[in-house]
Amino acid sequence: MGWQWFHQLGSPRWFYEKTSRWMPWIGAIALILLVVGAVWGLAYAPVDAKQGNSYRIIYIHVPAAFLALAGYYIMAIAGAVGIIWQMKLSYTVMRSAAPIGATLTFIALVTGAVWGKPTWGTWWVWDARITSMLILFFLYLGVMALQGAYQNQNTANKAGAILALVGTINIPIIYKSVDWWFTLHQPATLKLTGESSIDPSMAYPLLIMIAGFYGLYAWLLMHWTRMDILHSEQKTAWVKALVSSK
Amino acid sequence: MAALTTHSTDHKTNTALLTFKQFGCTRDSRVLFEGIDFDIYAGDVVQVEGPNGTGKTTLLRALTRLLPDYEGEILWRGKTLSHAHYDFLSQLLFIGHLPGIKKTLTPRENLAFLSSLNGTSTLSDIDDALAQVGLYGYEDMPCYQLSAGQNRRIALARLYLTKALVWVLDEPYTAVDVAGIKKLEALFEYHAKQGGCVILTSHQPPNIRDLKHLSLTDYSGGDSSSASVIEGAYDE
Amino acid sequence: MSNSQSLSATLLSVFRRDLVIAFRQRSDMLNPIVFFLMVVTMMPLGISPQASTLAQLAPGLLWVIALLACLLSLDGLFRTDYDDGTLEQLILSPQPLYFIVIIKALVHWLTTGLPLTLVAPLLGVLLALPSDGFIPLWLSLLLGTLTLSFVGAIGAALTVSLRKGGLLLSLIIMPLYVPVLIFGASTVRSAVEGIPYTGALAVLGMFCALALMLAPLAIVGALKMSVQE
């Protein structure tokens with residue numbers, strides 16, 4: 001059958017065994033990228049003419065914000081695959097993606113506030129990007145709360161997937177609306193990450209950090225999915241064998 | 001010879017309305033029943049049997065596809081149920097534990113609404129049906145003034161209105177008195193004779209000629225129930 | 001089989017029934033309006049009774065409160081139908097649930113969003129809304145509350161099988177209301193400030209069209225999921 005591989009992909013056991021081999025590699029690559037990016041960005045990248053050293057927080061803020069948004073789509077796509085093909089593994093990925101994404105969103109918010117203090121002299125400014133990030137955080141919280149409210153795992157999965165999909169349609173609308181709102185009400189100079197061209201010597205470490213965050217995200221997602229698999233499949237023979245062999 | 005007989009059973013009158021093939025249900029990783037092979041023909045009255053917790057209600061809900069996650073297959077007139085879903089629904093009448101009666105409406109309004117979901121009924125048909133279940137004179141009373149049994153009987157009055165072939169009834173005898181049960185059983189037999197079929201669950205054994213039995217204890221996962229979730233790899 | 005005719009018959013029957021039920025429980029219908037009125041009364045007490053201050057805040061306040069009133073009314077949208085088994089019967093109707101759900105959300109709007117819209121200008125007077133703002137307030141609420149009903153129905157469908165779904169419903173739906181709030185309030189504010197407001201109103205209309213088309217898909221999925229509980 002041509003669909004065999006696809007069903008195999010949906011098998012938690014297959015996933016667990018495959019990722020056992022990938023995990024160290026992904027973890028190592030992510031770690032190297034993060035260390036290189038962080039050292040380069042924090043120690044060697046030039047000081048910003050206007051913001052001094054405080055701008056360096058973008059090396060965490062920007063990748064976290066990047067992944068927070070991408071993570072929502074990853075979560076929603078996993079949910080959609082779960083709905084369409086009744087794939088349990090896909091729901092597991094969706095469940096794992098929610099807290100990781102929420103944490104990244106939270107990190108983006110906190111680093112944004114930390115950056116805001118020296119830049120504008122206040123922890124919180126109703127800037128378009130921060131506001132959008134805050135609403136994204138609420139969307140994550142909503143999906144997690146809804147999943148947590150259901151006793152039945154199957155229903156929880158479907159509910160979470162439907163809400164995540166509704167969210168994906170809404171996110172571009174929310175972002176555009178909030179953007180429009182702030183161009184109407186605030187001078188453009190307050191933009192957090194202005195479109196002003198960024199010097200390559202600052203951009204390269206940023207790109208490395210973004211790649212590193214992608215790696216970290218992949219690693220975390222796999223790790224949480226694997227933990228979830230072990231928990232939900234704990235009654236099965238292969239998990240019992242795995243546990244007893246350790 | 002064998003080929004001949006199978007061919008002859010394919011004739012119109014003998015084609016099964018519903019066919020269960022290796023049918024099974026799992027809830028919360030517990031196998032309720034599995035491996036059911038069962039045919040329901042026009043003219044059958046089938047009682048789904050089994051002690052509490054064996055999944056009688058689950059079977060009925062899976063059959064109506066209110067619960068779409070099941071193993072195996074259900075065929076409607078030889079076609080996979082999911083492909084013939086709307087055709088099946090237009091021939092289905094389901095009365096579950098919850099009768100679908102709104103307390104703020106009158107029996108007449110409730111019945112008019114429920115029958116409008118699948119076809120239409122005239123007012124006199126509706127009043128006749130209410131009289132059949134002993135609710136003559138209550139047509140215009142708000143349902144919150146009626147007893148639980150009377151409310152259930154409003155739902156049962158749908159049986160007198162419907163043109164559906166397949167009746168799926170979860171505990172239809174609840175809150176119905178002896179005379180009422182007799183009347184219902186006569187109605188089931190009549191419906192079967194007209195070429196329909198009835199699938200029901202009941203605590204008391206129905207007194208119906210040629211009653212077919214589908215006993216879920218024969219198909220329960222039993223002690224081997226955990227064995228079948230062990231592989232659990234493919235979620236279908 | 002005259003399928004199209006029986007579809008319209010079914011939809012008409014759902015429409016009539018939901019309206020009749022709403023009118024027999026008139027007090028439920030009044031609650032969001034009374035809530036709207038009460039919270040509006042809190043505002044001058046909490047902020048300042050000065051007309052100039054209130055006038056500045058009025059567009060946003062009226063919109064936020066209308067949104068909350070709408071949110072509070074959503075929990076009942078499918079609740080009784082779920083509790084008494086009507087929902088199962090609706091799902092088992094051979095007529096497409098997509099259209100049935102549209103009718104139900106529409107009736108919800110007719111019995112909550114529309115009355116809210118109708119009384120909103122009166123509350124505008126209480127909050128000293130400048131006279132230029134009344135017609136835009138009315139128009140923006142008319143389009144906006146319809147969107148709120150349809151988007152909110154998704155949340156109502158997702159939480160209907162939960163015993164304590166009310167607060168959760170607000171949590172999951174409120175972030176989705178952000179665009180409607182932004183454009184709704186800004187329609188009124190633009191009008192008050194003498195800026196053309198038709199653009200914002202057009203965007204509200206677009207949201208409304210999108211919600212009418214797409215939200216029923218999610219509602220159908222959520223309702224089918226809810227009866228599996």
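Above this text is the structure in question.
Residues numbered from 1 in each chain as written. Chains lettered and ligands numbered in written order. Predicted model: local features only at pLDDT ≥ 70, side-chain atom pairs only at ≥ 80, totals over all residues. Heavy atoms only, no water.

Engineer: Please give an account of unusual backbone geometry that cites residues and values.
Structural biologist: Residues and elements named next belong to chain B. One non-glycine residue, E171, lies in positive phi territory at about 50 degrees. The residue E171 is located in the loop between β7 (166-170) and α7 (178-193) in this model. The phi dihedral of D210 is positive, around 55 degrees, even though this residue is not glycine. Tracing the backbone shows D210 in the loop between β8 (197-201) and β9 (211-215). (Helix = DSSP H or I, 4+ residues; strand = E, 2+ residues; numbered from the N terminus.)

Engineer: Provide a residue-level description of the sheet that holds strand β2 (residues 30-40) of chain B, including the pertinent values.
Structural biologist: All names here are of chain B. Strand order across the open sheet formed by four strands is β2-β1-β4-β5, with antiparallel pairing between neighbours. Looking at the sheet topology across the chains shown, the edges are occupied by β2 and β5 (79-80). Inspection of the sheet shows strand β4 (residues 71-76) paired to β5 by two bridges, in the antiparallel sense. Bridged to W76 within β5 is K79. The strands touched by helix α2 (residues 56-63) are β1 (18-27), β2 and β4; relative to β1, the strand with the most contacts, the crossing angle is about 125 degrees. (Pairing = 2+ DSSP bridges. Contact = heavy atoms within 4.5 Å. Axes fitted to C-alpha atoms, helices over the stretch in contact; angles between N-to-C directions.)

Engineer: Residues and numbers for the pairing of β2(B), please.
Structural biologist: Residue and element names in this part refer to chain B. Pairing of β1 with β2, which is carried by seven bridges, proceeds in the antiparallel orientation. Along β2, the bridge assignment pairs F23 with I36. Counting the residues that bridge the hairpin from β1 to β2 gives two residues, and of these D28 lies at a positive phi of roughly 50 degrees.

Engineer: Please give an account of the interface of chain C and chain B that cites residues and values.
Structural biologist: Listed as interface residues are 28 residues of chain C and, on the opposing side, 29 residues of chain B. Counting across the interface, chain C meets chain B through four salt bridges. Residue R61(B) pairs with E88(C) through a salt bridge whose shortest N-O separation is 2.7 Å. In this structure, the connection of chain C to chain B is made through 13 residue pairs in polar contact (both at pLDDT 80 or more). (Salt bridge = Lys/Arg side-chain N within 4 Å of Asp/Glu carboxyl O. Polar contact = N/O pair within 3.5 Å; in protein donor to acceptor, adjacent residues only side chain to side chain.)

Engineer: Provide a residue-level description of the pattern of salt bridges, including the pertinent values.
Structural biologist: For the structure shown, the criterion picks out 18 salt bridges over all chains. Note that E189(B) and R209(B) form a salt bridge whose closest N and O atoms lie 3.8 Å from each other. Here E189(B), found in helix α7, pairs with R209(B), found in the loop between β8 and β9; they are 20 residues apart in sequence, far enough to count as distant. R209(B) gets classed as exposed once you look at its relative accessible area, which sits at 57%. Salt bridges sharing partners connect three or more residues here, namely K102(B), R17(C), D18(C), D81(C), D84(C) and K104(C). (Buried < 20%, exposed > 50% of the residue type's maximum accessible area, 1.4 Å probe, protein only.)

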